[in-house]
Amino acid sequence: MLVPKRNFNHKSVAILFGTLVLWTFCVSCGSGSFSASERKQSFNDNWKFLLGDTIGAGSKDFDDNEWRSLELPHDWSIEGKTDMDNPTRGAGGYFPSGVGWYRKTFSIPEDWKNKKIAIYFEGVYMNAEVMINGKSLGVHPYGYTSFSYDLTSYLAFDKENILAVRVDNSQQMNSRWYSGSGIYRHVWLMVHNPVHVAHWETTITTPEVSSEMATVQVKTLIKNETENPQTVKVNIKLLDKNSKEAGIGETEIEMPARSEMEVHQTINVANPLLWNLDSPDLYQAKIQVMNGRKILDETTTNFGIRTIKYSTENGFQLNGKTVNMNGGCVHHDNGCLGAAAYNRAEERKIELLKKAGFNAVRTSHNPPSEAFLDACDRLGLLVMNESFDCWHISKNTYDYARFFDQWWQHDIEAMVKRDRNHPSIIMWSIGNEIPERKEPRAVETAKILVEAIKKIDDTRPITSAVVGWGNDWYVFDSLFAAHDVAGYNYHLNSAPDDHQRVPSRIIVHTESYPNDAFANWKLVTNNNYVIGDFVWTAMDYLGESGIGRWYYTGETPGEHWEHEFFPWHGAYCGDIDLIGWRKPISHYRSMLYNDDKKLYMAVREPEPEGKEIKGTWWSVWPTWESWTWPGFEGKNIQVEVYSMYPKVKLYLDDKLIGEQATTIDQQFKATFTLPYATGQLKAVGVENDQEVESTTLQTAGQSALIKLNADRQDIKADGQDLSFVIVEITDKDGTIQPNADNLLEFTIEGEGTIVGVDNADLKDLDSYVGSSRKAFKGRALVVIKSTHHAGNIHLTVTSPGLTDASVNIRSEK
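Note that the structure is predicted; figures quoted are calculated from it, not measured.

For helix 1 (residues 343–355), with 13 residues, the first-to-last C-alpha span of 18 Å sits near the 18 Å given by 1.5 Å per residue. Taken together, the buried positions of helix 1 are occupied by Arg344, Ala345, Glu346, Glu347, Arg348, Lys349, Ile350, Leu352 and Leu353. Downstream of helix 1 by one or two residues, Gly357 has phi in the positive range, about 90°.

Here it is as C-alpha cells:
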C-alpha cells in the first residue's frame, strides 16, 4: 500500500535521519578518525569545551586551543561544587549551572558530496544553539527531546569544518530537580543516500497476535531528495532474536523528483516469540531501499510482538494476562555521573529496578534517553513515557512554560516518533501536576495533546498525573475524561468512591508516598480498575533536596519547598540509593508484589538521647541492615521483620526473643523491641509450626578490610563502557562495618579512568568527580570508564588502618 506525501523544500534545516546503513569512507575528526561504515556514526569524541560565555566562539576561525578536551556525554554541573549560593537552589541540588561552549573540528571526504549529512543530538540541556562553520542552524530550547539539523549545504569537503554548540542553562530556576548542564546524551553524524528512509518514520505495530500467528504492520516513509524521478523497491526482512528470518516483504514504488511516499507492508510471523516481562524477546526489521541490485539505504529497527489492553474488568493486560504494575518514578540523573547518559549507566539503572522487584517505570517528568528505553526493551520493564512537567503556567520562573505554546507540538512529535517502536512503552503521559489543572483550558490543552499523539500512535493509552488537595477531587472529572487512563498523584484512597461515581474510569496511581506501600498494594490487588502504583521514587536522585530526609529534634522542620535544607542536595525518598543499595522499604514493596523472596530483616535507627527522629511526607524511618549500635547497649531497639510466612520468630544468639504473626492482617510485618546487645540476630519464618527459612544480622567488629565488587570485569574498549565498583569496609571476618566512614583513596592504572565517586550520603558535600570519597554506612562507589585502547585496568583502594584492596578489569575491543 502506498501513501503519497507532500513535496518538500530541500532548504529545510531540521530534517531528521535514520539508523544503520553501510558506506565505505573515513571521516577525520580532530586528531583521530572513525570508520564511516555505518550511516549512524558516533560523534562523541574529540570535542573542545569552555565553561563560560565568550564572543565569537561559534565562528570557524575561533582559537579553541586552550579549551579543555573531552568526550561526550558530558555534564558540567556534576563537576562543580555544591554551594548554598548557587542559583539552582535546593531544587537543582545547589549545583552550578551557567553557559558552556562545545566545539568539534572534523573533515568530510570529497566522496560524500552526493550524500545527505546531518547532525543528530539525543539531548542537550538546555537552549542549545548549533552552528556549523559560523552559520547558526537554530536553537533547541527543551533539554529532554532529541533534534537534528541537515548539514549538507554548509559543509566544506576535504577541508576542516567546525561544529559549535552554545548551551545556556544560566537562567535559573528552570527545573524542580537536578537537570545537569551540557551535551549530556550521545551525538551522531548521519550519512545516507538522497533516496532514503526518513528518520523516525518507520512505524511497526502488531494489530493481531496469537501464539500461532502475528500480523506485523510496517509503515515506512521514503524520501527522494534528488531532482529526478526514482523507481525503487522497499524490501523488509524480519529477524527473530536468533537472527533467523521470520518474514519478508517487498514493494516497488515510483517516486517523483523531490517527493516522499509512505509504504505500508503487512507481514505474517508464524509462532511468534512474544515480548513480555520474563522473556522480553525482540525482533528486528531490516529495511532496504533498492535501485535494481544497488542498496541505496538500509535501516534496522528493533520491535517486539505483544498486545496491550486496558479495561475496568481486567485491568492492564499484557498478551492477554492481567499484570498489576509495581511501578516506580525515576528522574534522569545517574548519581555521581550527573545527567551523563552513558549506555551502561542507563542499563544498570534498569537492572537495579528489576532486581528491586519493579515491573514498571515512569520517566518523570520528561522523555528519557534512547539507551534507557533500549534497556527496558531488552530486560523487560514496562514504561510510562512522560513529556512535560508544565504547560502554559510555570512552576519556576524559567521553566518549560516559556516555550510551551511554540514548542509543544515539536516536542510531542519528537517523543512519540522517536519512541513508538519500543515494546516496553505501554502508556504516554502528557504532563505532571499541571498548575492550571482546575481551569477549563487545561481540559482543552489535554484534548489537543491527546489528539496530537493519537495522530502518530493510536495503539497506546494516554494519561497525565493529577494532584489535588482538599475535598474537591471531583472537579477533575472533566480533565480525567480527556484521557484514556486517569493518573492520580497521592490520591488512590479516592479510587473506590470515584469508581462508584465514574465506573468506566481506569485509574493508575502515578505517584505515591513510600510509606503507603501496603495500602496502595491492597487497592491495586483488590480493584481491577486500578492498574498499578508508581512510588515516588524508585531511586534516589539529585535535586529536590531533602524531600525524603529524616532529621532530629532541634533541626529545621518542614517539607522541601518550605526552607533551604543545605547541605542536603538530593532527595533520599528512593527505594534504591545513589550507589545501588536497596533500602528496607524496597524489600518490603517487592515482597508485596513478587513471590521470589519471603523473609527480610532490618533495624530501625534508635533515637539519640533526648532527641526524636522526624520525617517528611516522603520519608521512611531510617532503617538499616545493621546489628551494630555502639553506645546503645541495654537500650531498647526495634527490629522489623517483613515476612510472607504466617509467623516469624526472632532470636538473639539462639535465644528466643519472641514470635509474632505476619499475615495480611499485620501487613506482613512484625516489630520486635529488645535491649541492644552484641551478637547474632536471627529472624525465622514459621509455617505449619515448622521453622522454614532464616536470615541473620551479625554485630561487626572494628573496621579492618576493604572489599571490592565490580559489577563487570570485562568491558568494551570504546571510551564509553563502564564498570561500577562497590567498595565495602568490613571487620576481620568479612562482616560489613555499617558505621564506617573512612576516607578512601582510589588509584587507577591502565586503560581506564575514574569518572565518578559516590557514597549515597546526600549531605556529604565532597565532589562526585575525584579520586577519594568517605564511606557512608560502610559503603562507597567508584565508576570506571574505558579508554579507546584495549588492556588491563587496575583499581586500588586504600585507607589508613585498613588492608588495601584491588580489582582488575579487562577492556577489550
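Counting buried positions along helix 2 (residues 370–379) yields seven of ten residues, so the element is predominantly enclosed. Where helix 2 is concerned, the buried positions are Glu370, Ala371, Phe372, Leu373, Ala375, Cys376 and Asp377. Note on helix 2: the residue one or two positions beyond its end, Gly380, has a positive phi of about 85°.

On to the sheet that holds strand 8 (residues 116–121), then. What the four strands build is an open sheet, ordered 4-13-8-11; its pairing is antiparallel. Taken across any chain shown, the strands that pair with only one partner, and hence form the sheet edges, are strand 4 (40–42) and strand 11 (147–150). Strand-to-strand twist in this sheet, taken as the mean axis angle between neighbours without regard to direction, amounts to 25°. Both strand 8 and strand 11 contribute to a ladder of four bridges, which runs antiparallel. If you follow Ala118 over to strand 11, its bridge partner there is Asp150.

Turning to the pairing of strand 28 (residues 462–467), a few remarks are in order. Counting buried positions along strand 28 yields six of six residues, so the element is predominantly enclosed. Of the two faces of strand 28, the one lined by Ile462, Ser464 and Val466 and the one lined by Thr463, Ala465 and Val467 are each fully buried. Of the pairings in the sheet, the one linking strand 27 (residues 425–432) to strand 28 comprises three bridges and is parallel in character. Bridge assignment links Trp428 to a residue of strand 28, and that residue is Ile462. You can see the chain leave strand 27, run along helix 4 (residues 440–456) and come back into strand 28, and the turn it takes is right-handed.

Looking now at the pattern of salt bridges. If you walk through the whole model with that rule in mind, you get 50 salt bridges. Its salt-bridge partner being Asp457, residue Arg460 comes within 2.9 Å of it at the nearest N-O pair. Overall, Arg460 belongs to the buried group, its relative accessible area being 5%. Lys583 is the partner of Asp540 in a salt bridge, and the nearest nitrogen-oxygen pair spans 3.1 Å. Of the two residues, Asp540 sits in the loop between strand 31 (530–535) and strand 32 (550–552) while Lys583 sits in the loop between strand 32 and helix 8 (584–593), which places them 43 residues apart along the sequence. You'll find Asp540 and Lys583 in the same group, each marked buried. Via salt bridges that share partners, Arg344, Glu347, Glu351, Arg378 and Asp711 belong to a single interconnected network.

On the surface, Trp469, Trp561 and Trp617 cluster together into a nonpolar patch covering about 400 Å² of accessible area. Within the secondary structure, Trp469 is located in the loop between strand 28 and helix 5 (477–481).

Moving on, we get to the confidence of the model for the chain. Any segment with low pLDDT has predicted coordinates that should not be analysed in fine detail. For the chain, mean pLDDT is 94; residues scoring 70 or higher make up 95% of the total. Residue range residues 1–37 is modelled with pLDDT below 50. Its contacts to residues more than four positions away, or to other chains, number 127 contacts.

Moving on: the pairing of strand 9 (residues 128–132). In summary, the side chains of a regular strand alternate between the two faces of the sheet. Counting buried positions along strand 9 gives four out of five residues, so the element sits mostly inside the fold. From the end of strand 9 to the start of strand 10 (residues 135–140), which pair antiparallel, there are two residues, and Asn133 there has a positive phi angle of about 50°. Relative to strand 12 (residues 160–169), strand 9 runs antiparallel, the two sharing five bridges. Within the sheet, the bridge partner assigned to Ala128 lies in strand 12 and is Val167.

In this structure, Pro73 follows Leu72 across a cis peptide bond, with omega equal to 0°. Each neighbour pair has its own omega, and for Trp536 with Thr537 the value is 0°, a cis peptide bond. Note that Thr537 resides in the loop between strand 31 and strand 32. A positive phi angle, near 60°, is found at Tyr572, a position not held by glycine. Counting through the fold element by element, Tyr572 comes out in the loop between strand 32 and helix 8.

On to the sheet that holds strand 43 (residues 714–716). Reading across from one edge, 43-50-49-45-47 is the order of the five strands in this open sheet, with mixed pairing throughout. This sheet does not close on itself; its edge strands, each paired only once, are strand 43 and strand 47 (772–774). Adjacent strand axes in the sheet meet at a mean angle of 25°, parallel and antiparallel pairs treated alike. One ladder, built from three bridges, connects strand 43 with strand 50 (residues 805–812); its direction is parallel. Note on strand 50: the bridge partner recorded for Lys716 is Glu812.

Take Arg418: it is sitting in helix 3 (residues 404–419). Overall, Arg418 belongs to the buried group, its relative accessible area being 10%. Here the alpha-carbon distance between Arg418 and Thr203, two residues 215 residues apart in the chain, equals 9.8 Å. Setting aside chain neighbours within four positions, we find Arg418 in contact with Tyr120, Glu122, Ser146, Arg185, Trp200, Pro367, Pro368, Ser369, Glu370, Leu373 and Glu413. At a separation of 2.6 Å, a polar atom in the side chain of Arg418 contacts the main-chain carbonyl oxygen of Pro368.

How each quantity is defined
Residues numbered from 1 in each chain as written. Predicted model: local features only at pLDDT ≥ 70, side-chain atom pairs only at ≥ 80, totals over all residues. Heavy atoms only, no water. Helix = DSSP H or I, 4+ residues; strand = E, 2+ residues; numbered from the N terminus. Expected span 1.5 Å × (residues − 1). Buried < 20%, exposed > 50% of the residue type's maximum accessible area, 1.4 Å probe, protein only. Pairing = 2+ DSSP bridges. Axes fitted to C-alpha atoms, helices over the stretch in contact; angles between N-to-C directions. Right-handed = clockwise from strand over helix to strand, strands pointing away. Salt bridge = Lys/Arg side-chain N within 4 Å of Asp/Glu carboxyl O. Patch = residues over 30% accessible without salt bridge, like charges linked within 9 Å, V, L, I, M, F, W, Y side chains within 5 Å. Areas by Shrake-Rupley, 256 points an atom, 1.4 Å probe, with all protein chains shown as cover. pLDDT = per-residue confidence, 0-100. Contact = heavy atoms within 4.5 Å. Polar contact = N/O pair within 3.5 Å; in protein donor to acceptor, adjacent residues only side chain to side chain.

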